[in-house]
Amino acid sequence: MGGGIVEIDTPMAALEGLRRFRLFESSDVANTRDCISRVMQPHLLQPVGLGRHTQSHMDFVSFCGIGMGTISYGEAMRVEVPSIAGYHLVMFCREGQPDAKVDDAPLHVTRE
């Protein structure tokens, strides 16, 4: 490995390689929402549970019109996106178990 090239031998290694492209780190929910909205669609964030927000971050890289990124909210978070227009979203869950809805229909996301 050299010259800024990252060797990727597994899909998880690709996600780890994204750390080099950290867009932001924040402990503020409003700032987190604003930073993510600059790259993706505007959305609403609401911490689930005690309402305290821990450190969140986003890594993102774009190449030839395709973007790949990771988002960590640091705790359970309700994410509400009024619409996803102009792009397709592929979601992989590295941790936890998301509950998602598309057009008010449940979407089951599993590791299988």
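Residues numbered from 1 in each chain as written. Predicted model: local features only at pLDDT ≥ 70, side-chain atom pairs only at ≥ 80, totals over all residues. Heavy atoms only, no water.

Engineer: Would you mind showing me how to read the pairing of strand β3 (residues 56–63) here?
Structural biologist: Working note: regular strand, side chains alternate between the two faces of the sheet. Bridging between strand β1 (residues 22–26) and β3 involves four bridges; their strand directions are antiparallel. Across the sheet, Arg22 pairs through a bridge with Asp59, a residue of β3. The turn linking β3 back onto strand β4 (residues 66–72) is made up of two residues, and Cys64 within it adopts a positive phi angle of 55°. (Pairing = 2+ DSSP bridges. Helix = DSSP H or I, 4+ residues; strand = E, 2+ residues; numbered from the N terminus.)

Engineer: How do you make sense of the nonpolar core when you look at a structure like this?
Structural biologist: Across soluble globular proteins, you tend to see nonpolar side chains buried next to one another. With eight residues, the main nonpolar core is built from Phe24, Val29, Cys35, Ile36, Leu45, Met58, Tyr73 and Met77. Considering every element that reaches this core, the biggest residue donor is helix α2 (residues 29–39), with three residues. Here Leu45 is in contact with Val29, Thr32, Arg33, Tyr73, Met77, Arg78 and Val79, once residues within four sequence places are set aside. (Core = buried A, V, L, I, M, F, W, Y, C linked by side-chain atoms within 4.5 Å. Buried < 20%, exposed > 50% of the residue type's maximum accessible area, 1.4 Å probe, protein only. Contact = heavy atoms within 4.5 Å.)

Engineer: Mind showing me how you'd approach α2 here?
Structural biologist: Helical periodicity: at 3.6 residues per turn, an α-helix aligns residues three or four positions apart in one direction. Among all positions of α2, only Val29, Thr32, Cys35 and Ile36 are buried. All buried residues of α2 project into a common sector of 130° when viewed along the axis, lining one side. Buried positions along α2 lie against β1, β2 (44–47), β3 and β4. The N-capping residue of α2, defined by a side-chain oxygen 3.3 Å from the backbone nitrogen of Ala30, is Asp28. (Arc of directions from axis to C-beta. Polar contact = N/O pair within 3.5 Å; in protein donor to acceptor, adjacent residues only side chain to side chain.)

Engineer: Please explain unusual backbone geometry as it appears in this structure.
Structural biologist: With the exception of glycine, most residues fall at negative phi, and the peptide bonds are largely trans. At Cys64, a residue that is not glycine, the phi angle is positive and equals roughly 55°. If you trace the backbone, Cys64 turns up in the loop between β3 and β4. Looking at Cys64, the relative accessible area reads 67%, which means it is exposed.

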